Amino acid sequence: MERLQMLIWIWVRVRLIHGFHNITRCHTHLMFFLFTVAIKANIPDYQFPLVYKRDPTSEESLSVTGSEYYDNNIPYEGIYPIMMENLVKSSKGGIKNITYTHRSNVSSVLHPKSSFTAAVQDIQDGLVDMSVGPFWITSERLLMAAFSVPVVNDKVYLVVPTPGSEETIPQQISKIFHPFSVGVWGLVGGIIILSSLLSVWFSDRTELASDSDEVQRPLRRNKHAYLRLAVDSILEKGIFFCSAGVEQDVGATLSNKLLMFGFGSFILIAVSSYVANLAAFLTRRTLEGSVTSIDGAIAGGWTICAHHLLRKKLSKAWPAANFVFTERDSNHHDIMDDYTDEKCQALAISWEGTSMDHSFLDRVCERKLVYTDSIFIQIPIGFPIRKDLAAGFSHWMLEAEENHNINLQTTKDQYIRENGKLSSCKVQFSAEDFTTNEYEKITIRHMALPVVLFTFCCALATIGHFFRRHAKKQEVRSLFDRTSQLGLVKGITSPVGSNYSHEKDDDGEVSPRIHDLDVEEIIDHLFERHNKKKQMISLLARPSQLNTVADEPSHSPRSLLAVGGSTSLFHNSFLEKFDGVEAFPHSVEI
């Protein structure tokens, strides 16, 4: 019985001791929730507008610490103090107040490269309860103090010179070709060449000369003439395209007019589309030769300035990158100073630490830099705090966000509403700005209608030309062989003055008639004109019109009558009356 009583006593004693330890361990947490707690916090440094003081004399906002930093009677202002004030109010007495002080001189000596790490040292030494500011949660700091739940995830962006800010002359010139894709430019060139060759074919008059009694020029010379005429026609159609129109030739055949209708329709759509897009392409910036990503910076061998506290994270995440870590204080202005000293070509900058700092953003704009979309790493931001207060403070943070929508972003919005936008400088860059539909190139798909219309007109004109050639072989007239012009020879006088009259033929068209024609007088007149013109004609100065009889050295009546000025086509019925007279070929140019 005594043994049983002893065992019961031992069991009760153990339970009492175990319960006492649990109560002792949770005492601080219970005190936090059941009683009002006053928190003493230090501020690591000024970061306008996140946390700062005003000059006691001029009332100007300060971004660099001075003697006022050590004066606890001068209140702190900024986004983080406002957030802490809202948090105290939302706790409804759970947090009595938060008072602020400076970091100690000893901690500054222990951590000369980082004022934020020095502030955490004061928590470890028991000088303060917590620190207020944008603290990165790092492994080194977690060994020194606990942290609250993260306030936000900070992103470290690649900052580079603004793409397209310094364009070269060749880059600017190349913009002229940007409104059209390569396929459309090939289509334009192909249609110009095709129109030129068809135009040469439709206006070829060698079949007119083939009926004459003269000896044809060698085939090789005909090839040279065709080549010269084709080049001239290509240049002519190119001028038509650049001037957005075609020449009005009332004397052209129906086939040629159909061809020009299709070509003119294509010019209308193509030139209108090109002009509509040209202004936008000329004024936009180009990404050619610019670095807009981390991979691009690594491929280009760029050096990147970064914060020394991120050495391990950045080196592990991007081992191929060439980083230059600042050896000075942790301020982002020091990283910018390294860039100004040309120690690097790009920067790795925290967004949360600089997005509200108008002085830093102004320096970014002055140096024509932009934040790209490329992110090196993401780091959580929280408040370093004593371990026994971390859970309770985190609780009030979550309660404030869930019930009162109090967080860092809403506090920033509140500050902007009360104080206005801090900087109008645009520092964020997105590659989407260079690839929007506003700058979409014209492709062959967009040119479907003018291409179809041009193809139809070419086919119709080609069919008409074949009908015309067939009709000539059958020695009959066709619709495609006539020109849409009334009174073609009206008002044209003969070299001798009055040997012409005008009558209508069986088809109702006006044809020249000749009465008492003095053939020798016409030959003498044309012979004199031929001698004068022969002295001026050279290979390069010849008109771009294929006429095999115009260049013959013969002084026969046919060749002399083929070198005149204005052109008139004598009707076949007139020629049949003078079938035995050699002075009149089937095609006479006077």
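As the structure is a prediction and not an experimental result, all values here were calculated from the model.

What counts and what doesn't
- Residues numbered from 1 in each chain as written.
- Predicted model: local features only at pLDDT ≥ 70, side-chain atom pairs only at ≥ 80, totals over all residues.
- Heavy atoms only, no water.
- Patch = residues over 30% accessible without salt bridge, like charges linked within 9 Å, V, L, I, M, F, W, Y side chains within 5 Å.
- Areas by Shrake-Rupley, 256 points an atom, 1.4 Å probe, with all protein chains shown as cover.
- Salt bridge = Lys/Arg side-chain N within 4 Å of Asp/Glu carboxyl O.
- Helix = DSSP H or I, 4+ residues; strand = E, 2+ residues; numbered from the N terminus.
- 1 Å grid on protein atoms, 1.4 Å probe; cavity = no way out; pocket = protein on both sides within 12 Å on 5 of 7 lines; lining within 4 Å.
- Points joined across faces, edges and corners; volume = space filled by probe spheres on them.
- Nonpolar A, V, L, I, M, F, W, Y, C, P; charged D, E, K, R; others polar.
- Core = buried A, V, L, I, M, F, W, Y, C linked by side-chain atoms within 4.5 Å.
- Buried < 20%, exposed > 50% of the residue type's maximum accessible area, 1.4 Å probe, protein only.
- Contact = heavy atoms within 4.5 Å.
- Expected span 1.5 Å × (residues − 1).
- Axes fitted to C-alpha atoms, helices over the stretch in contact; angles between N-to-C directions.
- Parallel < 35°, antiparallel > 145°, perpendicular 65-115°, else oblique.
- Pairing = 2+ DSSP bridges.
- Right-handed = clockwise from strand over helix to strand, strands pointing away.
- Disulfide = S-S within 2.5 Å.
- Phe/Tyr/Trp six-rings, centres within 6.5 Å; stacked < 30°, edge-to-face > 60°.

1. Points about a nonpolar patch on the surface
- A grouping of I169, I173, I176, F177 and L282 is seen on the molecular surface, where their side chains present a nonpolar patch of about 470 Å² in accessible area.
- Mapped onto the secondary structure, L282 falls in helix α10 (residues 254-283).

2. Topic: empty space enclosed by the protein
- Applying the stated criterion to the full structure yields 4 cavities of 30 Å³ or more.
- As a volume, the second largest cavity reaches approximately 140 Å³.
- What lines the second largest cavity is a set of 14 residues, and nearest its centre among them are Q47, F116, P134, W136 and H332.
- Classifying every residue of the lining of the second largest cavity gives 6 nonpolar, 6 polar and 2 charged.

3. Brief notes about the nonpolar core
- The biggest cluster of nonpolar side chains holds 60 residues, and the ones touching the most others in it are F376, F383 and F393.
- The dominant element in this core, judged by the number of residues it contributes, is helix α2 (residues 79-90), at 7 residues.
- Apart from residues no more than four positions distant in its own chain, F376 is found in contact with V156, Y157, L158, I294, I304, L314, W318, F323, L347 and A348.

4. Details of helix α15 (residues 387-404)
- For α15, built from 18 residues, the straight-helix expectation of 26 Å at 1.5 Å per residue is met to within 8% by its first-to-last C-alpha distance of 26 Å.
- N405 lies just past α15 and shows a positive phi near 55°.

5. Observations concerning the pattern of salt bridges
- Taken as a whole and judged by the stated rule, the model has 9 salt bridges.
- With a closest N to O distance of 3.0 Å, E77 and R54 form a salt bridge. Of this pair, E77 sits in the loop between β1 (37-43) and α2 while R54 sits in the loop between β1 and α2, and the two are 23 residues apart along the sequence.
- Among the residues examined, E77 registers a relative accessible area of 26% and is labelled partly exposed.
- Within the structure, one salt-bridge network assembled from shared partners comprises D129, R386 and D388.

6. What to know about the packing of α2 against α15
- Orientation of α2 relative to α15, taken along the N-to-C sense of each, is 85°, at an axis distance of 9 Å. Put simply, α2 runs roughly perpendicular to α15. Two secondary-structure elements touch here, α2 through M84, L87 and S90 and α15 through F393, W396, M397, A400 and H404.

7. Brief notes about helix α13 (residues 332-340)
- The buried count for α13 comes to 7 of 9 residues, which makes it a mostly enclosed element.
- Listing the buried residues of α13 in full gives H332, H333, D334, I335, M336, D338 and Y339.
- On its buried face, α13 is in contact with β6 (152-161), β7 (303-306), β9 (346-350), α14 (358-366) and β10 (369-382).
- Count one or two residues on from α13 and you reach E342, which has phi positive near 60°.

8. Structural notes on the pairing of β1
- Summarising burial for β1: 5 of the 7 residues are buried, a large majority.
- Where β1 and strand β2 (residues 95-102) come together, 7 bridges link them in parallel fashion. Across the sheet, N42 pairs through a bridge with T101, a residue of β2.
- Viewed along the sheet, the connection from β1 through α2 into β2 turns out right-handed.
- Bridge count for β1 against strand β3 (residues 130-131) is 2 bridges, and the pairing is parallel. Residue A41 lies in a different strand from β3, and its bridge partner there is M130.

9. A short note on the state of the cysteines
- Enumeration according to the criterion identifies 2 disulfides in this entry.
- With its sulfur 1.9 Å from that of its partner, C305 forms a disulfide with C344. Between C305 and C344, the disulfide has an S-S torsion of -110° and is therefore left-handed. One end of the pair, C305, is in strand β7; the other, C344, is in the loop between α13 and β9, and 39 residues separate them in sequence. Of the two residues, C305 and C344, both sit in the buried class.
- Residue pairing for C365: its cysteine sulfur links by disulfide to C425, the two sulfurs lying 1.0 Å apart. Of the two residues, C365 sits in helix α14 while C425 sits in the loop between α16 (408-419) and α17 (448-473), which places them 60 residues apart along the sequence.
- The exposure class assigned to C365 is partly exposed, which follows from its relative accessible area of 28%.

10. Considering the packing of aromatic side chains
- Going through the model one piece at a time under the given rule, you end up with 17 aromatic pairs.
- Between Y80 and F383 the ring centres are 5.9 Å apart and the planes differ by 90°, which places this aromatic pair in the edge-to-face class. Here F383 lies in the loop between β10 and β11 (384-385) and Y80 lies in helix α2, a separation of 303 residues in the sequence. F383 matches Y80 in its accessibility class, with the two residues each being buried.

11. Examining the sheet that holds strand β4 (residues 135-136)
- Here we have 6 strands laid out as an open sheet, ordered β4-β10-β6-β9-β7-β8, and mixed in their pairing. Both edges of this open sheet fall to β4 and β8 (322-325), since each of them pairs with a single strand only.
- Relative to β10, β4 is paired through 2 bridges, and the arrangement is antiparallel. Each bridged residue has a counterpart across the sheet, and for W136 the counterpart in β10 is I381.
- Its contacts with the sheet place α13 against β6, β7, β9 and β10, and it is angled at close to 175° to β9.

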